[in-house]
Amino acid sequence: MHISENIRYIGVNDHEIDLFEGQYIVPNGMAYNSYVILDEKTCVMDTVDSRFCDEWLGNLRAVLGDKQPDYLVVQHMEPDHSGSVAAFMAAYPQTTVVASAKAFTMMNQFFGLEYADRRIVAAEGSTLSLGSHTLTFVTAPMVHWPEVLVTYESSEKVLFSADAFGKFGALDVEEDWACEARRYYFGIVGKYGAQAQALLKKAAGLEIRTICPLHGPVLKEDLAYYIGKYQLWTTYTPEDEGVTIAYASIYGNTGKAAQLLAEELEKLGVKVALHDLARCDQAETVEDAFRYPKLVLASSTYNNDVFHYMKTFIHHLTERNYQSRTIALMENGTWAPNAAKVMRGMLEGGKNLNVLEDVVTIRSALSEENKADIAQLAKQLA
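Here we summarise the structure given alongside this text. (Residues numbered from 1 in each chain as written. Predicted model: local features only at pLDDT ≥ 70, side-chain atom pairs only at ≥ 80, totals over all residues. Heavy atoms only, no water.)

1. Section: a nonpolar patch on the surface
Using the following cut-off: Like charges within 9 Å and nonpolar side chains (Val, Leu, Ile, Met, Phe, Trp, Tyr) within 5 Å are joined into patches, using only residues over 30% in relative accessible area that form no salt bridge. Each accessible area is a Shrake-Rupley result for a 1.4 Å probe, and residues are judged covered by the shown protein chains and nothing else. A carboxyl oxygen of Asp or Glu within 4 Å of a side-chain nitrogen of Lys or Arg is what we treat as a salt bridge. Runs of H or I in DSSP of at least four residues are treated as helices and runs of E of at least two as strands, each being numbered from the N terminus.
Together, I250, Y251 and Y302 give the surface a local cluster of nonpolar side chains, amounting to about 370 Å² of exposed area. Note on placement: I250 falls in the loop between β16 (243-248) and α8 (253-267).

This is how it looks when you write it as structure tokens:
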């Protein structure tokens, strides 16, 4: 792929993977992106997962032929991007590796090598001239590892954005960008909204024509759309109107209550995202919980606690700094309903969370009183 006459794509698609980072379902695989800048000096931007090292090196040779690369820039040390660093440096022993100080420490941890005799330590604002192309390095700590750099190439106005603006999915599969980019962002980067905002503020002073992320497609058209999405996501701002309902049900009665609430909301013209936490991809539910301004948590009581699927889901939210949302609670318990109390406690400390005082409490199965309470809750949420 030609990003431009002098910038080439040499990444790979991974359709072997089932769980990215051991947890995220990726039905359309993943892309591990890498780029080459051709100039008086040749620079390779990042490597790929070690399982695809041979394919990637083949892609590189197809671009360079017998030419030796001068630099390898390592922006991020997560193994899906740094896994081929050692093999590359062995194949091209004259190449100088460029990375942050923390990245070189991590290289020693991963590979037992720090490349002290052929390295450049990049810091905030440092530059590297390739000829007509000049790279400026911008530190992006905790987006989403501490060693991360992003790189701006000024002549073609290209931002090599590391994991920012990435998404799930291989590049040979067409799919909507926003859904999988949102799921990727909140799943992987979501805890670090403040740090991602700081990076966006740095990027705001740059003229950017192209964004080259480490996952997902190269972005050239309508960059305001993608940057606008990141402005919402990094500030935890709801993106669309609607209500997410997440339920954890043992024998189905709590699930029936959640479904009834969804029906009542839809009658009122409210968009609803309904998720059975025992069966859904919880990363999709996390995505919807951040997408919409209102969330309903419905859980059976279990061992005088909350059902474990719900406990896991709330943990997913709180560890990602879930905030600035309205939350309603529904609980079920045959003799000692306690789920709402536990859920409320788990949400304590969340920033700008409005947890409604009124709780729908079901004792075993839906009663007529419960149905009236659910109808009233739907009106309140609408």
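2. Remarks on helix α12 (residues 368-381)
Going by this rule: Expected span of a helix: the number of residues minus one, times 1.5 Å. Classification of residues uses two cut-offs on accessible area relative to the type maximum, computed with a 1.4 Å probe and protein chains only: under 20% is buried, over 50% is exposed, and between them is partly exposed. For this quantity, the arc is that covered by the directions from the helix axis to the C-beta atoms. Only heavy atoms matter for contacts: two residues are in contact if any of them lie within 4.5 Å across the pair.
For α12, which comprises 14 residues, the first-to-last C-alpha distance of 20 Å matches the rise-based estimate of 20 Å (1.5 Å per residue) to within 8%. For α12, the full list of buried residues reads N370, I374, L377, A378 and L381. Summarising the axial view, the buried residues of α12 lie within an arc of 100 degrees, below the 170-degree limit, and thus occupy one face. Turned more than 90 degrees from where α12 packs its buried face, E368, E369 and K379 sit exposed. Next to the buried residues of α12 lie β16, α8, β18 (294-302), β20 (325-332) and β21 (353-362).

3. With respect to the sheet that holds strand β15 (residues 210-212)
Applied cut-off: If DSSP finds at least two bridges between two strands, the strands pair. To get an axis, fit a line to the C-alpha atoms, keeping to the stretch in contact for a helix; angles then go from 0 to 180 degrees between the N-to-C directions.
With respect to topology, five strands assemble into an open sheet ordered β11-β12-β13-β14-β15, the strand pairing being mixed. At either end of the open sheet lies a strand with only one pairing partner, and these are β11 (127-129) and β15. Taken over all neighbouring pairs, the strand axes of this sheet differ in orientation by 20 degrees on average, direction set aside. The pairing of strand β12 (residues 134-139) with strand β13 (residues 149-153) spans five bridges and is antiparallel. Paired with T136 across the bridge in β13 is Y152.

4. Some details on the packing of aromatic side chains
Centre distance and the angle of the planes are the two values used to describe a pair of aromatic rings. Put simply, the rule is: Pairing of aromatic rings covers Phe, Tyr and Trp, the last counted by its six-membered ring, and requires centre-to-centre distances within 6.5 Å; plane angles under 30 degrees mean stacked, over 60 mean edge-to-face, and any other angle means tilted.
Applying the stated criterion to the full structure yields 24 aromatic pairs. Aromatic side chains F110 and F111 sit 6.1 Å apart centroid to centroid with 40 degrees between the ring planes, which places their arrangement in the tilted category. For the ring pair Y230 and W233, a centre distance of 5.4 Å and an interplane angle of 50 degrees mean the geometry is tilted. A residue pair is termed a helical-turn pair when its members lie 3 or 4 positions apart in one helix, as Y230 and W233 do in helix α7 (residues 223-234) at three residues. Of the two residues, Y230 and W233, neither departs from the other in class, the shared state being buried.

5. Topic: the sheet that holds strand β7 (residues 43-45)
Strand order in the open sheet formed by six strands is β1-β6-β7-β8-β9-β10, and the pairing between neighbours is mixed. Looking at the sheet topology across the chains shown, the edges are occupied by β1 (7-9) and β10 (119-121). Within this sheet the neighbouring strands show an average axis-to-axis angle of 20 degrees, counted without direction. The sheet contact formed by β1 and strand β6 (residues 35-37) spans three bridges and is antiparallel. Note on β6: the bridge partner recorded for R8 is V36.

6. Remarks on the layout of surface pockets
What counts is decided by this rule: Using only the protein atoms, space was sampled on a 1 Å grid; points where a 1.4 Å probe fits but cannot get out form cavities, open sets with protein on both sides within 12 Å along at least five of seven lines form pockets, and lining residues are those with an atom within 4 Å of a point. Grid points are joined across faces, edges and corners, and a volume is the space filled by probe spheres set on the points. Asp, Glu, Lys and Arg are counted as charged, while Ala, Val, Leu, Ile, Met, Phe, Trp, Tyr, Cys and Pro are counted as nonpolar; the rest, among them Gly, fall into the polar class.
The calculated volume of the largest pocket comes to roughly 380 Å³. Every residue lining the largest pocket is counted, 17 residues in all, and those nearest its centre are I250, T301, G333, T334 and W335. Listing elements by their share of the lining of the largest pocket, those giving two or more residues are α8 and β18. Tallying contributions element by element places β18 first for the lining of the largest pocket, with three residues. Of the residues that constitute the lining of the largest pocket, the class distribution is five nonpolar, 12 polar and no charged.

7. Some points on the pattern of salt bridges
By the definition in use, this model includes 18 salt bridges. When the shortest N-O distance is used, the salt bridge between K311 and D305 registers 2.9 Å. Taking relative accessible area as the criterion, K311 reaches 33% and is therefore assigned partly exposed. Residue class for D305 comes out partly exposed when judged on its relative accessible area of 23%. Sharing partners across several salt bridges, the network here consists of D14, E16, D49 and R51.

8. Observations concerning a negative patch on the surface
Keep this limit in mind: The charge count includes Lys and Arg as positive and Asp and Glu as negative, but it does not include His or the ends of the chains. Each charge is placed at NZ for Lys, CZ for Arg, CG for Asp and CD for Glu.
Where like charges cluster on the molecular surface, the negative patch consists of E357, D358, E369 and D373. Residue assignment for the negative patch shows that the elements contributing at least two residues are β21 and α12. Looking at the secondary structure, you find D358 in strand β21. Overall, D358 belongs to the exposed group, its relative accessible area being 61%.

9. Let's talk about the environment of P79
Within the secondary structure, P79 is located in helix α2 (residues 79-82). Overall, the relative accessible area of 38% leaves P79 in the partly exposed class. Sequence spacing of P79 and F110 is 31 residues, and the spatial spacing of their C-alpha atoms is 8.7 Å. Contact partners of P79, with chain neighbours within four places excluded, come to V48, D49, F110 and W145.

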